[in-house]
Amino acid sequence: MNYKVRNIYENHNRKRGDDFSILKKERGELLSKYIGTGKKVLDLGCRDGVLTEYFVKGNNVLGAD
């Protein structure tokens, strides 16, 4: 595995559970834009809901990790 990529993933896994997600803001805003509101959303792999918080308002969301 590429050294740079490996460092990103090792850092990511060290911080799990600390409200951390790679590119959290950018990914959250992108998901929010594409999901919109008034939807039923199944968030698979949501962990602690760190990205779910961006699209939960106005939607019926079920998360499973």
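Here is what the cut-offs are and how they apply
Residues numbered from 1 in each chain as written. Predicted model: local features only at pLDDT ≥ 70, side-chain atom pairs only at ≥ 80, totals over all residues. Heavy atoms only, no water. Patch = residues over 30% accessible without salt bridge, like charges linked within 9 Å, V, L, I, M, F, W, Y side chains within 5 Å. Areas by Shrake-Rupley, 256 points an atom, 1.4 Å probe, with all protein chains shown as cover. Salt bridge = Lys/Arg side-chain N within 4 Å of Asp/Glu carboxyl O. Helix = DSSP H or I, 4+ residues; strand = E, 2+ residues; numbered from the N terminus. Buried < 20%, exposed > 50% of the residue type's maximum accessible area, 1.4 Å probe, protein only. Contact = heavy atoms within 4.5 Å. Lys, Arg positive; Asp, Glu negative; His and termini not counted. Polar contact = N/O pair within 3.5 Å; in protein donor to acceptor, adjacent residues only side chain to side chain. 1 Å grid on protein atoms, 1.4 Å probe; cavity = no way out; pocket = protein on both sides within 12 Å on 5 of 7 lines; lining within 4 Å. Points joined across faces, edges and corners; volume = space filled by probe spheres on them. Nonpolar A, V, L, I, M, F, W, Y, C, P; charged D, E, K, R; others polar.

Visitor: Whenever I open this one, a nonpolar patch on the surface confuses me. Can you help?
Guide: Together, Val-5, Ile-8 and Tyr-9 give the surface a local cluster of nonpolar side chains, amounting to about 260 Å² of exposed area. Tracing the sequence through the fold places Val-5 in helix 1 (residues 3-14).

Visitor: I keep staring at the side chain of Asn-59 and nothing clicks. Help me out?
Guide: Looking at the element boundaries, Asn-59 is found in the loop between strand 1 (40-44) and strand 2 (60-64). The exposure class of Asn-59 is buried, given its relative accessible area of 13%. Residues within four places of Asn-59 in sequence aside, it is in contact with Ile-35, Gly-36, Thr-37, Gly-38, Lys-39 and Val-41.

Visitor: Honestly, the side chain of Asp-43 in this entry has me stumped. Any pointers?
Guide: Position of Asp-43 relative to the elements: it lies in strand 1. Notably, Asp-43 is buried but unbridged: the nearest opposite-charge side chain belongs to Arg-27, and the N-O separation is 8.4 Å. Polar contacts involving the side chain of Asp-43 include one to the side chain of Thr-52, which spans 2.4 Å.

Visitor: Even after reading the chapter, I still don't get the layout of surface pockets, so can you show me in this structure?
Guide: It is the rolling of a water-molecule-sized probe over the atoms that shows where space remains empty. Volume-wise, the largest pocket comes out at about 210 Å³. Together, 16 residues line the largest pocket, and Arg-27, Asp-43, Gly-45, Cys-46 and Leu-51 are the ones closest to its centre. Per element, the largest residue contribution to the lining of the largest pocket is 4 residues, and it comes from strand 1. Within the lining of the largest pocket, the residues separate by chemical class into 9 nonpolar, 4 polar and 3 charged.

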